[in-house]
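Below, each chain spelled out in residue letters.
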Amino acid sequence: MQTSAGRLRIIAIVPTIAGNTGDAVNERQFIKALSRFADVKVYSIVSRNITTKIKLKSSNYIVNMLVRIIFGFYFALIVVLKKPHIVYVRTSFLALPVLVFRKLYNAIVVAKIPAILEDEVPKTRNVLEKVSFTFYKHFLDLIDRFVMSNSDILAVPSLLLYEELAKRRRIKPNTNIIVLPAGIDSEYIEKIKISAPTVVKENVFIAGFVGLLEWWQGVDILIEALHVIKQKCNINSKLRLKVLIVGDGPLRKKIEYMCRKYEIECIITGFVPHEKSLKLMSIMDVLVLPSIRISTTNANIPIKVLEAWALGIPVVTTHHRIYHILGVKDSVHALFCEPEPNSVANAICKLIKDRELYNFIKFNAQNYVKQFDYNKLAKKFIEISINILKMKRYDK
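Since the model is a prediction, treat every value here as computed from it, not as a measurement.

Undergrad: Would you explain the pairing of strand β9 (residues 204-212) in this entry?
TA: In summary, the side chains of a regular strand alternate between the two faces of the sheet. With respect to burial, β9 is a largely interior element, 8 of its 9 residues being buried. At this point the chain moves from β9, through helix α7 (residues 219-232), to the parallel strand β10 (residues 240-248), and the crossover so formed is right-handed. As paired strands, β9 and strand β12 (residues 286-289) are joined by 2 bridges and run parallel to one another. Bridge pairing in β12 places A207 opposite V286.

Undergrad: Help me out: how do you make sense of helix α3 (residues 92-100) in this one?
TA: Judged by how many residues are buried, α3 sits mostly within the fold: 8 of 9 residues are covered. Turning to α3, its buried residues are S92, F93, L94, A95, L96, P97, V98 and L99.

Undergrad: Explain unusual backbone geometry here, please?
TA: Where the residue is not glycine, phi is negative for most of them; where a peptide bond is considered, it is trans in most cases. The phi dihedral of K83 falls on the positive side, at around 55°, and the residue is not glycine. Note on placement: K83 falls in the loop between α2 (58-82) and β5 (86-90). Accessibility expressed as a relative area gives 53% for K83, which makes it exposed. Of note, the phi angle at T91 is positive, near 85°, even though the residue is not glycine. Within the fold, T91 resides in the loop between β5 and α3.

Undergrad: Can you walk me through the nonpolar core in this structure?
TA: One recurring pattern in soluble globular proteins is that nonpolar side chains are buried together. In terms of nonpolar packing, the biggest core is built from 144 residues, with W309, I348 and F381 touching the most fellow members. Here this core gets 9 residues from one element, more than from any other, and that element is α2. If we ignore the near neighbours within four places in the chain, the residues touching F381 are I10, F30, L34, I86, Y88, V110, I178 and L180.

Undergrad: It is not clear to me how a nonpolar patch on the surface should be interpreted in this structure. Could you clarify?
TA: The grouping of V63, V67, F71 and Y74 at the surface amounts to a nonpolar patch, some 350 Å² of accessible area in total. Tracing the backbone through its elements, the reader meets V63 in helix α2.

Undergrad: Honestly, the sheet that holds strand β7 (residues 153-156) in this entry has me stumped. Any pointers?
TA: By way of backbone hydrogen bonds, the strands of a sheet pair with one another, either parallel or antiparallel. Reading across from one edge, β4-β3-β5-β6-β7-β8 is the order of the 6 strands in this open sheet, with parallel pairing throughout. Both outer strands of the open sheet, β4 (39-46) and β8 (176-179), are each paired with one neighbouring strand and no more. Across this sheet, the average inter-strand angle for adjacent strands is 20°, counted without regard to direction. Pairing analysis gives 4 bridges linking strand β3 (residues 9-16) to β5, with the strands arranged parallel. Its bridge partner being in β5, A12 is matched across the sheet by Y88.

Undergrad: Which parts of the structure should I look at to understand the packing of α7 against helix α8 (residues 252-262)?
TA: The geometry of a pair of packed helices is captured by two quantities: the angle between their axes and the separation between those axes. Packing of α7 against α8 brings their axes to within 10 Å, and their N-to-C directions diverge by 5°. Taken together, the axis directions place α7 and α8 in an arrangement best described as roughly parallel. On α8, the residues touching V219, D220, I223, E224, H227 and K230 of α7 are K254, I255, M258, C259 and Y262.

What counts, and at which threshold
Residues numbered from 1 in each chain as written. Predicted model: local features only at pLDDT ≥ 70, side-chain atom pairs only at ≥ 80, totals over all residues. Heavy atoms only, no water. Buried < 20%, exposed > 50% of the residue type's maximum accessible area, 1.4 Å probe, protein only. Helix = DSSP H or I, 4+ residues; strand = E, 2+ residues; numbered from the N terminus. Right-handed = clockwise from strand over helix to strand, strands pointing away. Pairing = 2+ DSSP bridges. Core = buried A, V, L, I, M, F, W, Y, C linked by side-chain atoms within 4.5 Å. Contact = heavy atoms within 4.5 Å. Patch = residues over 30% accessible without salt bridge, like charges linked within 9 Å, V, L, I, M, F, W, Y side chains within 5 Å. Areas by Shrake-Rupley, 256 points an atom, 1.4 Å probe, with all protein chains shown as cover. Salt bridge = Lys/Arg side-chain N within 4 Å of Asp/Glu carboxyl O. Axes fitted to C-alpha atoms, helices over the stretch in contact; angles between N-to-C directions. Parallel < 35°, antiparallel > 145°, perpendicular 65-115°, else oblique.

Below, the structure written as structure tokens:
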């Protein structure tokens, strides 16, 4: 798209677009869509995928916060020198320095706050960890408040998250809000469908999970649910239940132990490239996400759910508020459950026993997910940003 000074220039500042986590994949595909409408330059802290198997603690989050703020000052200098029309920056930590120096450039700043980050920190009884968490939470509160008050546009994955964020931060800023959820690259998904190998599964049912093995994801609940199915669900005795986990994280050893204990066939691939992740997802019979209710899960539809729907894989998920708000219906677009083994087991059993229901959900979900195409999200982003840019210049 054009401005009076030529083609629209955007600087995108993100923690990383090179990794295989949901956040990295989401930003990479969104920025790719943005580049169809503007000249986009991307700056990130991590230029390649770095994974760790250590358990994340509060102190690690503090280091993460400080590193991002330091890099943010470097990125702020780039913004001043490059003079873009729009600056898109993910996380308050990176946005803080960019906004501190905003008098030195004329671009509008779109700051994305994707989550209430303190909710993702594991609970601990360690006194030092509690002190560290209190420090982290206090500074996160101050930084979010500053970013919410000073950005031209605040991007959030849902209005539900914005309402909770405003409540927690005790502020409702007089700024423009744009909803930027995760999305799908429809063209890429179609290529995956064509290129993915056809797998003949006789008397095998694969329950899958994709993503980070963290405490709030509920992967341990999935394993318990499969054990319940083996013990209580009246299904074909010849049917073999398998679990395919595409991802890694702090709970990996616990999950591996549980699978050995319950004699459940389990494959954990670790983190893999996005293309391979989608191909592995395409062989699952169901994607299962019995996630714990925290602000992140309650107010976001994860990218893995959208991609599973697009691939034609039914989803069993905790009935979070975001699904109700967005019109996702139980037994129509997905099967809802509570984050406890018996509820998850009942939902999976329904899909195993009722093929008509299975195909009904598959068909409806594939149609529903089309609204989340990244090109549509990027076009909305550009249109809103240009309008704000014009208003800002007119006010001057």
